[in-house]
Amino acid sequence: MRVERLWKAALEISQAAQGSGDLVPLRTELVAQPALQPFVLRRLLSATPKHLRREGPRPNPFLPWDRALEVERLGHSHVLLLNKFPVQPGHLLVITQDWAPQAGWIALADWQAVAYLAEDTAGFWFFNSCAAAGASQPHRHLQLLPRHAGEASCPLVETFRSQLRQESPAWPWCYRLSARQCPNDPSELQALYLRHAEELGLGDPRHDPQPRHPYNLLFDDEWFLTVRRDQEHCAGYSVNGLGFAGYLLATKRSDLSWLLCHGPWELLRRVATPL
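Residues numbered from 1 in each chain as written. Predicted model: local features only at pLDDT ≥ 70, side-chain atom pairs only at ≥ 80, totals over all residues. Heavy atoms only, no water.

Student: Where do I start with the nonpolar core in this structure?
Tutor: The tendency in soluble globular proteins is for nonpolar side chains to be buried side by side. Grouped together as the largest cluster of nonpolar side chains are 33 residues, with contacts concentrated most on F124, W223, L225 and F244. At the level of elements, strand 6 (122-128), helix 3 (157-164), strand 8 (175-179), strand 10 (223-228), strand 13 (247-250), helix 5 (256-262) and helix 6 (264-271) are the ones that each hand at least two residues to this core. Apart from residues lying up to four places away in sequence, L225 is in contact with F160, W171, Y175, R176, L177, H196, N216, L217 and L218. Grouped together as the second largest cluster of nonpolar side chains are 32 residues, L69, I106, V114 and F219 included. (Core = buried A, V, L, I, M, F, W, Y, C linked by side-chain atoms within 4.5 Å. Buried < 20%, exposed > 50% of the residue type's maximum accessible area, 1.4 Å probe, protein only. Helix = DSSP H or I, 4+ residues; strand = E, 2+ residues; numbered from the N terminus. Contact = heavy atoms within 4.5 Å.)

Student: Just to check I follow, could you spell out the sheet that holds strand 7 (residues 141-147) for this structure?
Tutor: Across the sheet, which stays open at both edges, the eight strands sit in the order 3-4-5-7-6-9-10-8 with antiparallel pairing between neighbours. Looking at the sheet topology across the chains shown, the edges are occupied by strand 3 (70-74) and strand 8. Direction aside, the axes of adjacent strands within the sheet are offset by 15° on average. Pairing geometry for strand 4 (residues 78-82) and strand 5 (residues 92-96), over five bridges, is antiparallel. (Pairing = 2+ DSSP bridges. Axes fitted to C-alpha atoms, helices over the stretch in contact; angles between N-to-C directions.)

Student: I tried to follow the sheet that holds strand 2 (residues 40-44) on my own but got confused; where do I start?
Tutor: Whether parallel or antiparallel, the strands of a sheet pair through hydrogen bonds between backbone atoms. Taking strand neighbours across the sheet as the criterion, the three strands line up as 1-2-13 in an open arrangement whose pairing is mixed. This sheet does not close on itself; its edge strands, each paired only once, are strand 1 (28-30) and strand 13. Within this sheet the neighbouring strands show an average axis-to-axis angle of 30°, counted without direction. As paired elements, strand 1 and strand 2 share three bridges and run antiparallel to each other. Bridging across to strand 2, T28 finds its partner in L44.

Student: Got a minute to help me understand the pairing of strand 2 in this structure?
Tutor: Along any regular strand the residues' side chains alternate between the sheet's two faces. Taken together, the four bridges between strand 2 and strand 13 define a ladder with parallel strand orientation. Its bridge partner lying in strand 13, L41 is registered against L248.

Student: Help me understand the pattern of salt bridges, please; the structure alone is not making it clear to me.
Tutor: When their charged atoms lie close together, side chains carrying opposite charge are able to pair. Summed over all chains, the structure comprises 16 salt bridges. With its nearest N and O atoms 3.1 Å apart, the salt bridge here joins R212 to D208. Several salt bridges share partner residues, and in doing so they unite R67, E70 and R73 into one network. (Salt bridge = Lys/Arg side-chain N within 4 Å of Asp/Glu carboxyl O.)

Student: Could you clarify how one ought to interpret the state of the cysteines in this entry?
Tutor: Throughout this description, disulfide means a covalent bond between two cysteine sulfur atoms. Under the criterion given, the structure shown has zero disulfides. No disulfide involves C234; its sulfur sits 12 Å from that of C261, the nearest cysteine. Note on C234: relative accessible area 10%, which makes it buried. (Disulfide = S-S within 2.5 Å.)

Student: Help me out: how do you make sense of the environment of D120 in this one?
Tutor: Its location among the elements puts D120 in helix 2 (residues 108-120). Sequence-wise, D120 and L11 are 109 residues apart; in three dimensions their C-alpha atoms are separated by 14 Å. Non-local contacts of D120, meaning those with residues more than four positions away in its chain, are made with R2, V3, E4, R5, L6 and W7. There is a polar contact of 2.9 Å between the side chain of D120 and the backbone nitrogen of L6. (Polar contact = N/O pair within 3.5 Å; in protein donor to acceptor, adjacent residues only side chain to side chain.)

Right, here's the structure in full:
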């Protein structure tokens, strides 16, 4: 049973940071559309944060990072931060203390930082490799939405389990889904990451300076998913790793009638690399 010390600390710091204005939760409302299930669609009510807008160059918010959002230093290489614009309370980021590009290869030290946090707190992890995969910042960061024991990590978790049991058909885009055996083992995470990258044509860090194509990573204690991407948005919906977990966000640009007509699976198909 995990002790969830870091998650509890994050929630306490979150309250103080929200009071001081250093943390700004995104205000959303659930869009009740049974036809979209099991996907969860929420409508953004807040103004779109500057870091999510496409125009102009953006400064690096992690160099230096906001000390009001710091939860704990993870050795000398990484730090655990609160997301300034969280999608849920306690939305966490594992970032490198020094500059490392989001578009570069995830290193063993990154997986070791992930494993350290995973020993304490379970949840749904995701990584957006670059802007074309939905990344809003160029500095290396992996994201965690904490979950209690027995809680579903994301809306599509049963779909992932069904595929791993070979009880449901494969999707018509480029991806790899693997079962995990050792939830807190960084070497397992690195091995799955590199194997998926090779099989999806993303390349190999021994030969390629950075991955050849955009991609998303999603994982929890049971499974590890890599999706190769072609584009970041469709029909006004910006899709990052959360989209492939079943979480969709509608903004003023989003076309709800298109989504209801074509369905969320078609949305994912159009932003992923086709087979």
